[in-house]
2 protein chains.
Amino acid sequence: MATERKVTSTNYRNQSFLEEKCSLNELLDLVSKRWICEVLFCIEEGINRFKSVKEELSYISDTILADRFRLLEKYDLVSKEHFDEIPFRVEYTLTEKGQELCTLLEQICNFSDSLPACKIESKKKTTSG
Amino acid sequence: MATERKVTSTNYRNQSFLEEKCSLNELLDLVSKRWICEVLFCIEEGINRFKSVKEELSYISDTILADRFRLLEKYDLVSKEHFDEIPFRVEYTLTEKGQELCTLLEQICNFSDSLPACKIESKKKTTSG
DNA sequence: CTGTATCCGATAAGATACTG
DNA sequence: CAGTATCTTATCGGATACAG
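What counts as what
Residues numbered from 1 in each chain as written. Chains lettered and ligands numbered in written order. Predicted model: local features only at pLDDT ≥ 70, side-chain atom pairs only at ≥ 80, totals over all residues. Heavy atoms only, no water. Helix = DSSP H or I, 4+ residues; strand = E, 2+ residues; numbered from the N terminus. Buried < 20%, exposed > 50% of the residue type's maximum accessible area, 1.4 Å probe, protein only. Contact = heavy atoms within 4.5 Å. Areas by Shrake-Rupley, 256 points an atom, 1.4 Å probe, with all protein chains shown as cover. Near = heavy atom within 4 Å. Polar contact = N/O pair within 3.5 Å; in protein donor to acceptor, adjacent residues only side chain to side chain. Nonpolar A, V, L, I, M, F, W, Y, C, P; charged D, E, K, R; others polar. Expected span 1.5 Å × (residues − 1). Salt bridge = Lys/Arg side-chain N within 4 Å of Asp/Glu carboxyl O. Least-squares fit on C-alpha atoms with pLDDT ≥ 70 in both. Buried area = accessible area lost by both parts, 1.4 Å probe.

Draft legend 1. A look at the overall build of chain A. What chain A contains, in helices and strands, is six helices and two strands. Along chain A, helices (α) and strands (β) appear in the sequence α-α-α-α-α-β-β-α when read from the amino end. Every one of the 129 residues in chain A was classed for burial, and the buried ones make up 43%. Across chain A, contacts joining residues at least 24 apart in sequence account for 43% of those joining residues at least 6 apart. Surface exposure of chain A reaches about 7500 Å², of which carbon and sulfur atoms provide 49%.

Below is the structure:
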């Protein structure tokens, strides 16, 4: 990961245009990255180590999880603590801003639950038996 | 646009996993698409025709704008009205859900403004002269 | 245990040409 | 005016191998 964007691309120019217009676009670019919200929610619930988050989110890969932790730290939404034990241990915790974001995301989550287009109804079908 | 996802990909499986886990992920996938929020805000402000939105959002392309309108309509966030005049005219307006989403987005916008990592400070630099 | 480096396939964004 | 069809490129997500 950590590949730099090609500054000559239209893609880059447009994203920059949007981010300068409103910081919302930068934040959305972050929180919409795959797994980001789930990682955030894991930490909120106290599942706060590399391994435990990886287990909780069955399919996430090392590469992506490491990248997501790095991003969340960069944006000061989580903080990282390294414990010098043997074997060593790393824990992530939400910052105040991180907690605030979680709360906002939960509001959006309620909203999306109420959107008919989301939650494609046929997903459950518990009519068996 | 409108290219179908390859159902055999890990990419697809993971996104499906997340969307089934929480509808938040589906909504985020939508609102984080480039220009979506800006289009929504344009409509909210009464800039509600293809041409006028295109002019307001300098760099957006026809292809993308059409796709965004289609998505917003599909999710029932905006509704489309065709006026049979000569030349004909099409107007988009927010639905109740669309208005509700705008309000939520504005809250997140306030939050992102307060995040130090967003709004990279050096963007203004009005110290000249 | 907690990551990093490198490479590759899938998807999103956009350019261009065209239509009723 | 308000789009659609087709193609190209950039970026993202992920697999694999490896490291402190």
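Alright, that's what it looks like, and here's the rest.
Draft legend 2. Broad picture of the protein's contact with DNA strand D. Around DNA strand D sit 27 residues, and of these R68 of chain A together with N14, K51, R70 and Y92 of chain B come closest. The sugar-phosphate share of atoms of DNA strand D within 4 Å of the protein amounts to 78%. For DNA strand D, a phosphate oxygen lies 2.7 Å from a polar atom in the side chain of R68 of chain A. One of the side-chain nitrogen or oxygen atoms of R70 of chain B is found 2.7 Å away from a phosphate oxygen of DNA strand D. Elements that contribute at least two residues to the surface near DNA strand D include exactly α5 (62-74) of chain A together with α1 (10-21), α4 (50-56), α5 (62-74) and β2 (89-94) of chain B. Sorting elements by how many residues they give to the surface near DNA strand D places α5 of chain B first, with four residues.

Draft legend 3. Quick peek at the protein's contact with DNA strand C. The full set close to DNA strand C counts 26 residues, and N14, K51, R70 and Y92 of chain A together with R68 of chain B are the nearest of them. The sugar-phosphate portion of DNA strand C accounts for 78% of its atoms within 4 Å of the protein, the bases making up the rest. A distance of 3.0 Å separates a phosphate oxygen of DNA strand C from a polar backbone atom of K51 of chain A. S9 of chain B places a side-chain nitrogen or oxygen 3.5 Å from a phosphate oxygen of DNA strand C. When residues of the surface near DNA strand C are traced back to their parent elements, those giving at least two are α1 (10-21), α4 (50-56), α5 and β2 (89-94) of chain A together with α5 of chain B. Its residues assigned to classes, the surface near DNA strand C shows 10 nonpolar, six polar and 10 charged.

Draft legend 4. Molecular detail of α5 of chain A. Residues and elements named next belong to chain A. Given a rise of 1.5 Å per residue, 13 residues ought to cover 18 Å, and the 18 Å separating the end C-alpha atoms of α5 matches this to within 8%. All of the buried residues in α5 are I64, L65, D67, R68, F69, L71 and L72. Those residues of α5 that are buried are in contact with α2 (23-31), α3 (36-44), α4, β1 (78-83) and β2. Just past α5, the residue D76 takes up positive phi, approximately 60°.

Draft legend 5. Focus on the pattern of salt bridges. Residue and element names in this part refer to chain B. A complete count under the given rule lists 14 salt bridges over all chains for this structure. E85 is the partner of R89 in a salt bridge, and the nearest nitrogen-oxygen pair spans 2.8 Å. Judged by its relative accessible area of 37%, E85 falls in the partly exposed class.

Draft legend 6. Spotlight on the relation of the copies chain B and chain A. Of the two same-sequence chains, chain B is brought onto chain A (RMSD 0.1 Å, axial shift 0.0 Å) by a rotation of 180°. What we have between these two chains is a two-fold relation. Closest to the rotation axis within chain B is the C-alpha of S32 of chain B, separated from it by 3.0 Å. Comparing contact sets, 98% of the residues at the interface of chain B also lie at the interface in chain A, consistent with an isologous, same-surface contact.

Draft legend 7. Region of the structure containing the interface of chain B and chain A. Chain B puts 48 residues into the contact, and the matching count from chain A is 47 residues. Both sides of the chain B and chain A interface together cover about 4600 Å² of buried area, and 68% of this is carbon and sulfur. Summed over the three residues of chain B that lose the most area to chain A, namely R34, Y59 and F111 of chain B, the buried surface amounts to 15% of that side. The tally of links between chain B and chain A comes to 15 residue pairs in polar contact (both at pLDDT 80 or more). Broken down by element, the side of chain B that touches chain A gets its largest block of residues, 11 residues, from helix α6 (residues 96-113) of chain B. By residue class, the composition of the side of chain B that touches chain A is 23 nonpolar, 10 polar and 15 charged.

Draft legend 8. Unusual backbone geometry, seen in detail. Residue and element names in this part refer to chain A. In this structure, P87 follows I86 across a cis peptide bond, with omega equal to 0°. When you line up the elements, P87 lands in the loop between β1 and β2. Even without a glycine there, the phi angle at W35 is positive, about 80°. Relative to the elements of secondary structure, W35 occurs in the loop between α2 and α3.

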